[in-house]
Amino acid sequence: MTVPAGFDELIHPATRLSVVSLLAATEWAEFSFVRDSLSLSDSALSKQLHTLEEAEYLELRKEGGGRNRRTRVRLTERGRTAFEGHVAALRAIVEGAGSAVPAASGAKR
């Protein structure tokens, strides 16, 4: 099987795909919103954000100080393009699997 163009190994793991999917629906999101929406610990989310930031798929912005410090995150253009390409590749895989099953094979759908 050939992997369709746009399939992104960096985004594909479920946690990162969930993060990027959530961020694709908004301009900026607070760290706490992403954490709570995906039921992740601070450390688990931080690790995933760091990986995506290193790939320049997202931008982190820290605002305020002390107890009022907030971290906000957003997809970069590169990250949005990668996400859209990955979603298109996943659709191609799913559609290809459906058309690969011969009608007379007796396979259940």
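A. Inspection of the side chain of glutamine 48 at higher detail. Examined against the element boundaries, glutamine 48 turns out to sit in helix 3 (residues 42–54). Setting aside anything within four residues of it in sequence, one finds glutamine 48 in contact with Thr15 and Arg16.

B. Layout of the pattern of salt bridges. Counting across every chain of the model gives 9 salt bridges. With a closest N to O distance of 3.0 Å, arginine 70 and glutamate 63 form a salt bridge. A salt bridge links arginine 72 to glutamate 63, with the shortest nitrogen-to-oxygen separation between them at 3.5 Å. Connected via shared salt-bridge partners are Glu27, Glu59, Arg61 and Arg74.

C. Highlighting the confidence of the model for the protein. Scored by pLDDT, the protein has a mean of 91; 88% of the residues are at 70 or more. Within the protein, strand 1 (residues 29–30) carries the highest mean pLDDT (98), whereas helix 4 (residues 77–100) carries the lowest (90).

Definitions and cut-offs
Residues numbered from 1 in each chain as written. Predicted model: local features only at pLDDT ≥ 70, side-chain atom pairs only at ≥ 80, totals over all residues. Heavy atoms only, no water. Helix = DSSP H or I, 4+ residues; strand = E, 2+ residues; numbered from the N terminus. Contact = heavy atoms within 4.5 Å. Salt bridge = Lys/Arg side-chain N within 4 Å of Asp/Glu carboxyl O. pLDDT = per-residue confidence, 0-100.

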